[in-house]
Structures are given as C-alpha cells and as structure tokens.
Amino acid sequence: MINEYNKLNHTAWECKYHIVFIPKYRKKSIYGQIRKDLGDVFHKLAAQKECRIEEGHLMPDHVHFLISIPPKYSVSQVMGFIKGKRAMHIARRHGNVKRNFIGQSFWAKGYCVSTVGRDEAKIREYIRNQEQNDKALDQRNFCIDGSRSLLSLSWLPKHIENP
C-alpha cells in the first residue's frame with residue numbers, strides 16, 4: 001500500500017474504489033481484439049478525469065478495477081464517462097464485426113463499487129487472481145450441481161456477496 005496522498009489545489013486525498021461492471025446481458029463479449037483494446041483505452045479515459053486505474057482485470061463477462069478517483073468527481077461521473085466513451089469506441093472500431101456493440105448498449109446499466117480503505121493489498125490480490133478463482137469456482141460448481149446458475153453472484157467480492 002502506498003501511504004502517499006495525491007494533491008489538488010486545496011486538498012490532499014486518497015480515494016480508491018474497487019469497481020466491477022459487466023457487458024449488457026452478461027454476454028461473454030470481452031474477448032479477442034476487444035479485450036486487447038479495452039485496457040489501454042480504459043487507462044486513457046481514466047486519465048482524462050484525473051483518475052488512475054491502479055489494478056484491473058478483464059474477464060470474459062465482467063471487468064474489475066482498483067481506481068483512484070479525486071474527490072472533485074463522483075464515482076458515478078467517472079463510471080458514466082468511462083462506460084459511455086468506451087461503448088462508443090467499441091461501436092466505431094468493432095461495429096462491423098458484431099451487431100450488438102452499438103453505442104451505449106454494450107455495457108449494462110450499473111456497477112458494483114466498494115471503497116478500498118486500508119485493505120488495498122487484499123483487493124489488489126483479489127483482482128490479480130480473479131481469473132484463477134473464477135475457473136476454480138466454475139469447476140467446483142460444475143462438479144457439485146452439474147451446471148452454473150445464471151443468477152449466481154460469485155463474481156462479487158465476498159464482503160458484498162450477501163447484502
């Protein structure tokens with residue numbers, strides 16, 4: 001964990017959030033060339049709002065971020081900007097490949113957010129190991145009941161799994 005505070009004109013701050021969001025209908029759309037494009041553009045869009053993506057992982061059906069957002073912006077402002085601009089980029093770049101990537105309709109409306117606080121190292125590890133954890137969970141669920149429930153909330157962090 002870095003104990004260094006960011007600075008604005010009249011503010012010293014450290015505001016970090018763990019954010020998870022999904023493509024519309026939870027389609028496994030984040031693959032191939034789209035996946036390659038996403039990471040770089042997410043970082044550039046975050047920088048336009050003076051934010052920094054500190055850690056991130058792109059799963060086939062969801063995205064994890066550990067993002068630092070200055071207090072002059074709300075999480076919803078930043079997420080609206082990133083998801084909206086990103087959807088437009090996908091539509092322009094990959095629209096001829098897939099019909100469903102039209103403008104604002106690529107991402108589902110919402111997201112899951114939690115403040116990081118002093119558990120930053122744990123959150124970073126969770127994001128880094130997300131793919132292996134999902135594969136292990138999928139295998140375990142397949143062995144237990146033969147199929148994975150579409151309504152499963154296994155992609156949520158454990159501390160928010162049971163609201």
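In what follows, the structure referred to is the one given above.
Everything in this summary refers to the structure shown in the same document. Just so you know, the residues in each chain are numbered from 1, in the order the chain's sequence is written. A pLDDT threshold of at least 70 governs which residues receive local features in this predicted model, and a stricter bar of 80 or more applies before side-chain atom pairs are shown or counted, although totals over entire chains, interfaces and linings include all residues. Water and hydrogen atoms play no part in the side-chain values, which are based on all heavy atoms of the structure.

1. Focus: the nonpolar core
For clarity, the threshold we go by: Here the nonpolar core consists of buried residues drawn from Ala, Val, Leu, Ile, Met, Phe, Trp, Tyr and Cys, with membership extended through side-chain atoms lying within 4.5 Å. Burial here depends on accessible area, computed with a 1.4 Å probe over protein chains only, as a share of the maximum for the residue type. Under 20% is buried, over 50% is exposed, and the range in between is partly exposed. Helix and strand definitions here come from DSSP, where helices need a minimum of 4 consecutive H or I residues and strands a minimum of 2 consecutive E residues; each element is numbered from the N-terminal end.
Core analysis: the largest hydrophobic core is formed by 26 residues, its most contacted members being Ile19, Phe21, Phe42, Phe65, Ile67, Ile69 and Ile82. Elements with a contribution of two residues or more to this core: strand 3 (16-21), helix 1 (32-48), strand 4 (52-58), strand 5 (63-68) and helix 2 (75-94). In terms of residue count, the dominant contributor to this core is helix 1 (six residues).

2. A look at the packing of aromatic side chains
The test is simple: Side-chain rings of Phe, Tyr and Trp, where Trp is taken by its six-membered ring, are said to pair if the distance between their centres is within 6.5 Å; with planes under 30 degrees apart they count as stacked, over 60 as edge-to-face, and otherwise as tilted.
Under the definition given, this model contains three aromatic pairs. Here phenylalanine 21 and phenylalanine 65 contribute two aromatic rings whose centre-to-centre distance is 5.5 Å and whose plane-to-plane angle is 70°, an arrangement assigned as edge-to-face. Of this pair, phenylalanine 21 sits in strand 3 while phenylalanine 65 sits in strand 5, and the two are 44 residues apart along the sequence. Pair check on accessibility: phenylalanine 21 and phenylalanine 65 agree, each one buried.

3. Remarks on the environment of glutamate 55
How we decide: It only takes one pair of heavy atoms within 4.5 Å for two residues to be counted as in contact. Between N or O atoms, a polar contact is any pair within 3.5 Å; within protein, one atom must be a potential hydrogen donor and the other a potential acceptor, and residues adjacent in sequence are included only when both atoms are from side chains.
Tracing the sequence through the fold places glutamate 55 in strand 4. Given the relative accessible area of 14%, glutamate 55 is considered buried. In the structure, glutamate 55 is positioned 68 residues away from isoleucine 123 in sequence and 9.1 Å away in space, judged by C-alpha atoms. If sequence neighbours within four positions are ignored, glutamate 55 has contacts with His64, Phe65, Leu66, Arg124, Ile127 and Arg128. At a separation of 3.1 Å, a polar atom in the side chain of glutamate 55 contacts the side chain of arginine 128.

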